[in-house]
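Now for the letters of each chain:
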Amino acid sequence: MTAVLEPARLAATARVSVVAPERRSLIDQAHPLPTQRFENGEPPRFELYHAPFSICSNKVRLVLAELGQNWLSHEVEIKAPEQENYKPDYVRLRLASDVAQRSSLSTEFTGGSSVTESGFDALVVPTLVDNLRDRIIADSKNICLYLCREIETADLIPADLEANVLAQVETVDATPHVALLYGANPDGDLRPPAFKHGMIGVHDYKIAALEAARSQAPDLDTAYAAKIAKERSAEAFVDNPAQMRAAVSGADAQIGELNAALRAIEGPWLFGDRYTLADAMWALSLFRLEYLGYGHMWRDDVTRAAVAAYADAAYARPTCQTAVCLWPGTPPSQWVAHLMPSI
C-alpha cells in the first residue's frame, strides 16, 4: 500500500483534479439538489465524493440531509470513459482513510459492498473529507456512523437503541445490492433496460480502464491489482446462476425478517415513532431493490404489507426525496417511475 500523505494535502489535490468543475456544487438547506455551482473559495466542513446512482452514495447523502448539513458535492463520473474513481489522486485520497489503514484490500466479490465481509475497495465511492477534523473517511457505513457521532442535530443512533440500530445497519450493509445490479436473476430478469443490456461485458471494460490507470501510478499498483482481481471475481459471480439465486433468496429472506420486525412494533418506523439510522439504511435498500424489479418481494405478498407501508413512508420523507428520488443522474426504471419525476 502506498505511503499516506497528509489528509489536507490530499484533499486539496483531489478537490481540483478528480471531478470536472461543472460537477462540483454546494449543497445547503436552500439548495438541497446540485443547482448551486461551487467555483472556488473556502469549502464547507464536509466534502463528499459520490455518484448519483450509487446506493452507497445515496446512504451518505440521505444522512447528511437528515442531519441538515451543508456540504461540497463532488459528483464523480464512474462510467466510461471518464471513470474518475480510477484516477490516482482519488485512490490516494481513499487510501488515507482510517478504514483503509485497518483493512485488507478487497480482491474477492461477495455480492455486496461490505468492508466487513470483503475488505476495502480503494476505487469506489463514496469518500468523505472532514476539513474541520482533517480526516478522510471511506466506506458508506463508516461515513454514516461517523456523521451521526459527530453531528448532534438529529439523534439517529439513540443511546438506548444503539445496539439494535447498529445490528440493522449491519444487515443492510450485507445485502447483495451490487450482485443484483450487475447480474441477472436466472429466474426472470426484471432490471431496467439500462442495466439488463448495459451490464453485458462491463467487467472487461472496467478491467481495461483499470489497467490503463494502473500504468500511470506505480505507487498504487497494489490497489489497482486488487481491484482488477475483484472485477474478475465479480464477473464470475454474476455469471453463476447458483450464486445469483443465492443472492436473490438472501435478499428475500431479509425482507421477511424486516416484515416480522415491523409487525412486532407500533409506529411507522422500526423502533416505533423514532426514525433512526436503521430506517434510513432500510429505506435505501428497499428503494434499490424496488428500482431493480424486486419490489414484488413485498408488493405482491399481502403477508408483507408492513414492508410496503414502511417503504412508502420512508420514500415520502423530504430528505429521501432530495437525496435520492429527485437527485439527477439516475437512469429511469419502470418500477419507481412514480417516485422519480423528470427534473
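Everything below is about the structure shown above.
Residues numbered from 1 in each chain as written. Predicted model: local features only at pLDDT ≥ 70, side-chain atom pairs only at ≥ 80, totals over all residues. Heavy atoms only, no water.

(A) Representation of the packing of aromatic side chains within the structure. Inspection of every chain in the model, using the stated rule, returns nine aromatic pairs. Geometrically, the ring pair formed by W71 and W327 is stacked, given 5.9 Å between the ring centres and 15° between the ring planes. Taken together, the residues W71 in strand β3 (residues 71-75) and W327 in the segment after α16 (318-325) connect sequence positions 256 residues apart. Accessibility classification places W71 together with W327 in one group, the buried group. With 5.5 Å between their ring centres and 85° between their planes, F287 and Y315 make a pair best called edge-to-face. (Phe/Tyr/Trp six-rings, centres within 6.5 Å; stacked < 30°, edge-to-face > 60°. Helix = DSSP H or I, 4+ residues; strand = E, 2+ residues; numbered from the N terminus. Buried < 20%, exposed > 50% of the residue type's maximum accessible area, 1.4 Å probe, protein only.)

(B) Molecular detail of the pairing of strand β4 (residues 127-130). The two faces of β4 match: T127 and V129 on one face and L128 and D130 on the other face are all buried. Note that strand β2 (residues 46-50) and β4 share four bridges and pair antiparallel. The residue bridging L48 from the neighbouring strand is L128, located in β4. Where β4 lies against strand β5 (residues 135-138), four bridges are found, and the strand directions are antiparallel. If you follow D130 over to β5, its bridge partner there is R135. Counted between consecutive antiparallel strands, the loop separating β4 from β5 contains four residues, among which D134 sits at a positive phi close to 55°. (Pairing = 2+ DSSP bridges.)

(C) Quick peek at helix α7 (residues 162-173). The end-to-end C-alpha separation of α7 is 16 Å, in line with the 16 Å expected for 12 residues at 1.5 Å each. Of all the positions in α7, only V165, V169, V172 and D173 are classed as buried. Projected down its long axis, α7 carries its buried residues within an arc of 100°, all on one side. On the buried face of α7, the contacting elements are α2 (55-66), α6 (140-150), α8 (177-182) and α13 (277-291). (Expected span 1.5 Å × (residues − 1). Arc of directions from axis to C-beta. Contact = heavy atoms within 4.5 Å.)

(D) Expanded view of the nonpolar core. Residues V63, L147, L180, L277, L286 and W298 are the most contacted members of the largest nonpolar core, which totals 77 residues. Per-element tally for this core: the top contributor is α13, with 11 residues. Once residues lying within four places of it in the same chain are set aside, the contact partners of W298 are I255, L286, L289, E290, R304, V307, A308, A311 and Y315. Counting 21 residues, the second-largest nonpolar core is a separate cluster that includes Y86, L95, A138 and L220. (Core = buried A, V, L, I, M, F, W, Y, C linked by side-chain atoms within 4.5 Å.)

(E) The side chain of N185, seen in detail. Mapped onto the fold, N185 is located in the loop between α8 and α9 (193-196). At 2.9 Å, the side chain of N185 forms a polar contact with the backbone nitrogen of D187. Excluding anything up to four places from it in sequence, N185 contacts V248 and Y294. (Polar contact = N/O pair within 3.5 Å; in protein donor to acceptor, adjacent residues only side chain to side chain.)

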